[in-house]
Amino acid sequence: MAYCCKCDNEFFVALFALSLFCTIFVLCKNNRLVGFRDFDKNNLQMQRVDEFYMRRCLQLARCAVGSTSPNPQVGAVIVCDERIIGEGYHIRAGEPHAEVNAVRSVAPTDRHLLPQSTIYVTLEPCSHYGKTPPCCDLIIKEGIRRVVIGTTDNNECVKGAGIARMKKAGIEVVVGVLENECYAINRPFFTYNRLARPAVTLKWAQTADGFIDVGREGGAPLHISTPVSQVAVHKLRSRHDAILVGTRTALLDNPSLNLRHWTGRVPLRLVIDRAGVLPVGLNLFDGSFPTVIYTQKTIDGKFGKNVEQVELDFSGDILLQILAHLHSLKVQSLLVEGGAKLLQSFIDASLWDCARVEVNPSLVVRSGVAAPVLPENSLVSREKCDGNEILLFSR
């Protein structure tokens with residue numbers, strides 16, 4: 001039988017590896033490799049500490065929900081020797097960023113601790129000049145030795161440049177702590193930069209048997225929501241940059257699309273009116289808040305202040321045209337409230353990101369306007385609100 005040197009070599013290599021593994025196992029079992037065990041323990045402990053302070057950053061970031069667009073929500077915390085010496089968040093667009101507010105909050109008696117500190121921030125510090133200077137330059141200037149980041153910034157002006165600049169300055173940078181949570185609070189911001197369109201949320205209420213309204217040509221709409229769930233809807237509006245309805249919804253419901261039951265910034269009101277049939281007396285055209293009409297042909301002098309007409313090519317895809325126009329306005333989030341045909345068109349075109357569906361379990365009408373149909377397996381959660389059920393979907 002032929003002798004195979006290669007087979008013998010492979011055998012001895014495997015035998016050596018097995019012997020080494022057994023030795024390490026025995027030593028670990030007898031606590032002989034203390035350095036290795038402590039290293040793993042210390043790493044785990046540091047990870048838990050980082051996550052603890054990052055959760056505080058997330059709490060701070062949420063304080064500015066609905067007020068920072070087109071900027072992201074960001075929170076920052078500065079820690080030295082397990083003590084928070086400074087914290088802050090980005091309050092609104094055009095004002096100082098979270099890192100700046102955190103540094104400014106440090107007491108004069110603690111400023112000497114900055115070079116020994118770690119700054120935690122939910123989003124990569126910016127590296128470009130906008131309405132404020134780069135935050136990464138401030139961190140370098142203050143001599144902060146360690147930076148822990150939730151998620152990178154996908155804005156073309158940043159995209160890792162802030163991290164690279166801090167590393168070049170000799171700062172230890174850790175990225176990806178509670179990354180999913182830090183991404184989630186700024187989903188519209190990331191969608192806007194990644195897909196060059198606003199994040200689209202669909203919203204409607206339906207009966208237990210799947211209708212959003214009775215068949216009607218006038219009169220009051222079907223009341224599916226409760227007073228409490230209406231407050232939740234207006235809160236949802238306040239967290240979006242723009243809100244859209246179709247022609248039939250504007251005619252039949254005469255909505256104001258404002259925040260009567262919540263405080264905050266009223267979203268840009270949008271309505272589709274291809275043929276120019278909407279009368280000037282509708283609430284949408286009262287001039288109280290900016291409104292955009294998407295139409296096939298503008299009509300000079302028809303509307304008063306705060307109403308703009310934008311022409312679309314209705315022989316093409318108007319949804320893409322609307323989203324492109326909103327992107328040019330730096331609108332990062334769009335709430336689509338109806339009607340059924342408009343909502344279904346966004347679903348069929350896969351131009352939606354999440355949906356909020358309110359179901360009244362005690363209301364049955366047996367006929368009327370059927371609710372839109374979402375793809376199977378897109379339901380992510382359900383909760384109760386004043387007896388109604390709120391279903392949340394994601395694409």
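Residues numbered from 1 in each chain as written. Predicted model: local features only at pLDDT ≥ 70, side-chain atom pairs only at ≥ 80, totals over all residues. Heavy atoms only, no water.

Draft legend 1. Representation of the overall build of the chain within the structure. In terms of regular secondary structure, the chain is built from 11 helices and 16 strands. Evaluated residue by residue, the chain yields a buried proportion of 45% over its 395 residues. The contacts of the chain with a sequence gap of at least 6 include a subset with a gap of at least 24, amounting to 69%. Working note: accessible area of the chain is about 20700 Å², and carbon and sulfur atoms make up 55% of it. (Helix = DSSP H or I, 4+ residues; strand = E, 2+ residues; numbered from the N terminus. Buried < 20%, exposed > 50% of the residue type's maximum accessible area, 1.4 Å probe, protein only. Contact = heavy atoms within 4.5 Å. Areas by Shrake-Rupley, 256 points an atom, 1.4 Å probe, with all protein chains shown as cover.)

Draft legend 2. Just the nonpolar core, in detail. Leu202, Trp204, Leu270, Tyr294, Leu334, Val336 and Phe346 are the most contacted members of the largest nonpolar core, which totals 36 residues. Apart from residues no more than four positions distant in its own chain, Leu270 is found in contact with Ala242, Ile243, Leu244, Val245, Val292, Tyr294, Leu326 and Leu334. Ranked by size, the runner-up nonpolar core spans 30 residues in total, among them Val100, Ile119, Cys126 and Val158. (Core = buried A, V, L, I, M, F, W, Y, C linked by side-chain atoms within 4.5 Å.)

Draft legend 3. Spotlight on the packing of aromatic side chains. In total, this model carries five aromatic pairs according to the counting rule given. For the ring pair Tyr53 and Tyr120, a centre distance of 5.3 Å and an interplane angle of 35° mean the geometry is tilted. Here Tyr120 lies in strand S3 (residues 118-123) and Tyr53 lies in helix H2 (residues 34-62), a separation of 67 residues in the sequence. By the burial criterion, Tyr53 is buried, and Tyr120 matches it. Seen from their ring centres, Phe189 and Phe190 are 5.6 Å apart, and the 75° between their planes marks the pair as edge-to-face. Exposure remark for Phe189: the relative accessible area of 5% places this residue in the buried category. Counting every residue linked through ring pairs, the aromatic cluster contains Phe52, Tyr53 and Tyr120. (Phe/Tyr/Trp six-rings, centres within 6.5 Å; stacked < 30°, edge-to-face > 60°.)

Draft legend 4. Looking closely at helix H4 (residues 135-142). When we look at burial in H4, the residues that qualify are Cys135, Cys136, Leu138, Ile139 and Glu142. Taken around the axis of H4, the buried residues stretch over an arc of 155°, which confines them to a single face. Residues of H4 that are buried sit in contact with helix H3 (98-104), S3, strand S4 (146-151) and helix H5 (161-168). (Arc of directions from axis to C-beta.)

Draft legend 5. Expanded view of the sheet that holds S4. Reading across the sheet, the five strands line up as S2-S1-S3-S4-S5 and stay open at both edges, with mixed pairing between neighbours. Each edge of the open sheet carries a strand with a single partner, namely strand S2 (83-89) and strand S5 (172-175). Mean inter-strand twist for the sheet, computed between neighbouring axes without regard to direction, equals 15°. With four bridges connecting them, strand S1 (residues 75-80) and S3 associate as antiparallel partners. Within S3, the position partnered with Val79 by the bridge is Thr118. Along the sheet, H5 contacts S4 and S5; its crossing angle with S5, the most-contacted strand, is approximately 150°. (Pairing = 2+ DSSP bridges. Axes fitted to C-alpha atoms, helices over the stretch in contact; angles between N-to-C directions.)

Draft legend 6. Just unusual backbone geometry, in detail. A cis geometry characterises the amide bond from Ser69 onward to Pro70, with omega recorded as 10°. With omega at 5°, the peptide bond leading from Gly338 into Gly339 counts as cis. Even without being a glycine, Asp81 presents a positive backbone phi close to 50°. Here Asp81 is to be found in the loop between S1 and S2.

Draft legend 7. Molecular detail of the sheet that holds strand S9 (residues 268-272). Across the sheet, nine strands lie side by side as S11-S10-S9-S8-S12-S6-S13-S16-S15; this open sheet has mixed pairing. Two strands bound the open sheet, and with one partner strand each, they are strand S11 (307-311) and strand S15 (379-385). Within the sheet, the average angular offset between the axes of one strand and its neighbour, ignoring direction, is 20°. Where strand S6 (residues 199-207) lies against strand S13 (residues 354-360), seven bridges are found, and the strand directions are parallel. Counted as the bridge partner of Thr201 is Cys354 from S13. Along the sheet, helix H10 (residues 318-328) makes contact with S6, S9, strand S10 (291-295), S11 and strand S12 (333-338), crossing S10 at roughly 145°.

Draft legend 8. Structural view of the pairing of strand S16 (residues 388-394). With five of its seven residues buried, S16 lies for the most part within the structure. Bridge count between S15 and S16: six bridges; the pairing is antiparallel. In the strand pairing of S16, Arg382 is matched with Leu391. Taken together, S15 and the strand that follows it, S16, pair antiparallel across an intervening segment of two residues, in which Asp386 is found at a positive phi of about 55°.

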